Amino acid sequence: MADENTGDDAAPKSTGTLADLKQMVEGAAAADTESADAPAAAPIAASGDETAPVEPKIDDLGRAYATGKRKNAIARVWVKPGAGRITVNGREFETYFARPVLRMIINQPFETAQRKDQYDVVCTVVGGGLSGQAGAVRHGISRALLNYEPDLRGVLKAGGFLTRDSRVVERKKYGKAKARRSFQFSKR
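Residues numbered from 1 in each chain as written. Predicted model: local features only at pLDDT ≥ 70, side-chain atom pairs only at ≥ 80, totals over all residues. Heavy atoms only, no water.

Peer 1: Explain the environment of Lys80 residue by residue, including any values.
Peer 2: On the secondary structure map, Lys80 appears in strand S2 (residues 73–81). Note on Lys80: relative accessible area 37%, which makes it partly exposed. Sequence-distant contacts of Lys80, that is, excluding residues within four places in its chain, are made with Gly62, Arg63, Gln118, Tyr119 and Asp120. (Helix = DSSP H or I, 4+ residues; strand = E, 2+ residues; numbered from the N terminus. Buried < 20%, exposed > 50% of the residue type's maximum accessible area, 1.4 Å probe, protein only. Contact = heavy atoms within 4.5 Å.)

In structure tokens form, the structure reads like this:
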């Protein structure tokens, strides 16, 4: 090894040749097989099993909880088996969300998962406008359904209901009227 070094004594010396490395690896593998016992090998096999069922997250009252977000709206959603009643901030969702488009947005996770009129939903939503609140409730319902029935993950993920829509309003910049709008230019 000294002939491999170029005379620079400050440089770190190599640990050996490839043959030495091969012997080290073979020796370590042989030692592992000799000292390995059956109980120690069992947890390794169990952790490699990726088909383990996911447990539902249900509270003492039989409800699944989730938080949904969209723009500046935040919705806290509880889902439990029932007749399909949806209550938003203590009011029926037909009166809270008067526009049919917003009601359609909220019902999308149930229709996609084929669980229409099977769950009661109680939610509180704050912040933003009605459109953002409807998106937040949909996101929360999707996540709560996932907590109640983990098998629905593939269907809800394919529909895009579990992804938080991260688009928010762009901030206003100094020297501008809005985020990008300039003040009106006057030639004279």
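Back to the text.
Peer 1: Which residues make up the sheet that holds S2, and what values do they have?
Peer 2: Across the sheet, which stays open at both edges, the 5 strands sit in the order S1-S2-S5-S3-S4 with mixed pairing between neighbours. One side of each edge strand has no neighbouring strand; the edge strands of this open sheet are strand S1 (64–70) and strand S4 (91–92). Alignment of S2 against strand S5 (residues 119–126), held across 8 bridges, turns out to be antiparallel. By the bridge assignment, Val77 is partnered in S5 with Cys123. With respect to the sheet, helix H5 (residues 130–148) is in contact with S1, S2 and S5, its orientation differing from that of S1 by roughly 150 degrees. (Pairing = 2+ DSSP bridges. Axes fitted to C-alpha atoms, helices over the stretch in contact; angles between N-to-C directions.)

Peer 1: Can you break down helix H4 (residues 100–112) residue by residue, with the values?
Peer 2: Taking 1.5 Å of rise per residue, the 13 residues of H4 would be expected to cover 18 Å, and the 18 Å separating its terminal C-alpha atoms lies within 8% of that figure. Taking the largest bend as the criterion, H4 deviates by roughly 40 degrees, centred on Ile106, and proline Pro109 comes between one and four positions later. Listed in full, the buried residues belonging to H4 are Leu102, Ile105, Ile106, Asn107, Pro109 and Phe110. Check the buried side of H4 and you find it contacts strand S3 (86–88), helix H3 (93–96), S5, H5 and helix H6 (153–158). Taken from the residues just after H4, Gln114 is the one with a positive phi, measuring 55 degrees. (Expected span 1.5 Å × (residues − 1). Bend = angle between axes of the 7 residues up to and from the residue.)

Peer 1: Can you lay out the packing of H4 against H5 for me, pointing to particular residues and giving the numbers?
Peer 2: At a closest axis distance of 8 Å, the pairing of H4 and H5 adopts a crossing angle of 10 degrees. Judged by the angle between their axes, H4 and H5 are roughly parallel. Along its contact with H4, which presents Leu102, Ile105, Ile106, Gln108, Pro109 and Phe110, the element H5 presents Leu130, Ser131, Ala134, Gly135, Val137, Arg138, Ile141, Ser142 and Leu145. (Parallel < 35°, antiparallel > 145°, perpendicular 65-115°, else oblique.)

Peer 1: Can you break down the pattern of salt bridges residue by residue, with the values?
Peer 2: Counting across every chain of the model gives 7 salt bridges. In this structure, Arg115 and Glu149 form a salt bridge, with 2.9 Å as the shortest nitrogen-oxygen distance. With Arg115 in the loop between H4 and S5 and Glu149 in the loop between H5 and H6, the pair connects residues that are 34 residues apart, well separated along the chain. Between Lys173 and Glu170 there is a salt bridge, with its nearest N and O atoms 2.5 Å apart. Of the residues examined, Lys173 reaches a relative accessible area of 25% and is grouped as partly exposed. (Salt bridge = Lys/Arg side-chain N within 4 Å of Asp/Glu carboxyl O.)

Peer 1: Give me the pairing of S5: which residues, what numbers.
Peer 2: Pairing analysis gives 3 bridges linking S3 to S5, with the strands arranged parallel. Residue pairing for S5: Thr87 is matched across the bridge by Val122.

Peer 1: Any chance you could break down the environment of Asn72 for me, citing the residues and the numbers?
Peer 2: Inspection of the secondary structure assignment puts Asn72 in the loop between S1 and S2. In this structure Asn72 comes out as exposed when scored by relative accessible area, which is 60%. Through-space distance from the C-alpha of Asn72 to that of Val168 is 7.4 Å; in sequence the pair is 96 residues apart. Setting aside anything within four residues of it in sequence, one finds Asn72 in contact with Val126, Gly127 and Gly128.

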